[in-house]
Amino acid sequence: MEREIEDSALSRYKKRMFILVVVLALLSQLVFWEFIRHHPTGVLAYLLAVLPALPFIGIMATYALYIAELRDELVRTVVKTSLLWSIVATLSATTLWGFLELLANAPHLQPLLVLPIFGIFLGIATALVNRRYE
Amino acid sequence: MNNRLRVLRAERAWSQADLAERLEVSRQSVNAIETGKYDPSLPLAFRLARLFETTIEAIFTDEK
C-alpha cells in the first residue's frame, strides 16, 4: 500500500517526463538541423527557435501536476518546501551572478542554464528537507 | 505538538506500516507524526481519531 501511495503519482510523473524528454530530443534535433541546413530568418526563425522550449515548459507543468496528484501530505510538504528553497537559491544565485556580470565583467550566464541550475538546487533541497522528517 | 500515537498503535499491536496502510499514507508520514517532526493536517487528524475511535484532543496535545 505504501509503495502504491508513493508510486501512483510518481509513476505518472515518470511516464510524462519520459514522453517529454523524447519529444525534446526529437524537436531539438529537428530545429537544430533546420537552422544548420536552411538558416531560417524572421518570423519562421522565431517560431522554430521557441519549439525546443515547449517540452521544457511541459516538464515544469508535469512537476506541478505531480505535486497536485500527490496523495501523501508529508511527501507533498517535502516537495513544496524543497521547491520554495530551490526557488530562493536559484533567484539568489542568478541575482548574484547578474551583479557580477554587470560590475565585475564575469562571463555571461545563458538564461537557458537557469532551469538546470534550478534542478540541481531542487535535488539538494529535496535531500536536505527529507532528512528533517526521517 | 505531542501525541499518543505510539501508545494507541501499541495497544492494537499495529506496526507503523499497518497504521500507514489503514490511513493510506506512507510509513514515513506515520513515523514523522509519531516523533513530532510533522503535524498532520486537520483531515488526517480526523482520520486518525476515527480510526482509533477517539477524539483529536485525546491523541494530540499542544503541551511541550
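Residues numbered from 1 in each chain as written. Chains lettered and ligands numbered in written order. Predicted model: local features only at pLDDT ≥ 70, side-chain atom pairs only at ≥ 80, totals over all residues.

A. Spatial organisation of the overall build of chain B. Summing up its helical and strand segments, chain B has five helices and two strands in all. The order of helices and strands in chain B, counted from the N terminus, is β-α-α-α-α-α-β. In summary, chain B has a C-alpha radius of gyration of 10 Å against a globular reference of 11 Å for 64 residues, a match within 12%. Here the C-alpha coordinates of chain B stretch approximately 25 × 25 × 20 Å along the principal axes. Counting the 64 residues in chain B, one finds 25% classified as buried. Counting only contacts in chain B whose residues sit at least 6 apart along the sequence, the fraction spanning at least 24 positions is 52%. (Helix = DSSP H or I, 4+ residues; strand = E, 2+ residues; numbered from the N terminus. Rg over C-alpha atoms; globule rule 2.2 N^0.38 Å. Buried ≥ 20, exposed ≤ 12 C-beta atoms within 10 Å, placed from the backbone. Contact = placed C-beta atoms within 7 Å.)

B. Molecular detail of the overall build of chain A. The helix and strand inventory of chain A stands at five helices and zero strands. Going from N to C terminus, chain A has its helices and strands arranged as α-α-α-α-α. For chain A, the C-alpha radius of gyration of 18 Å lies well beyond 14 Å, the compact-globule estimate for 134 residues. For chain A, the spread of C-alpha atoms along the three principal axes comes to 55 × 40 × 15 Å. Counting every position in chain A, which comprises 134 residues, the buried fraction comes to 9%. Look at the contacts in chain A between residues 6 or more apart in sequence, and 73% of them connect residues 24 or more apart.

C. Focus on the domain arrangement of chain A. Once the domains are mapped, chain A shows domain 1 (1-71) and domain 2 (72-134). Of all the elements in the fold, those that place two or more residues in the side of domain 1 of chain A that touches domain 2 of chain A are α1 (2-38) and α3 (53-69) of chain A. (Domains from an automatic or database assignment.)

D. Here's a closer look at the interface of chain B and chain A. Taken together, the contact between chain B and chain A spans 14 residues of the former and ten residues of the latter. Of all the secondary structure elements, the ones that give two or more residues to the side of chain B that touches chain A are α2 (16-23) and α3 (27-34) of chain B. Ranked by residues supplied to the side of chain B that touches chain A, first place goes to α3(B) with four residues. In the side of chain B that touches chain A, the residues fall into six nonpolar, four polar and four charged. (Nonpolar A, V, L, I, M, F, W, Y, C, P; charged D, E, K, R; others polar.)

E. Up close: unusual backbone geometry. Backbone geometry at H39(A) places phi at a positive 45°, although glycine is not the residue there. You can see H39(A) is positioned in the loop between α1 and α2 (42-50). Positioned with a positive phi, E53(B) is a non-glycine residue whose angle comes to about 50°. Mapped onto the fold, E53(B) is located in the loop between α4 (42-51) and α5 (56-59).

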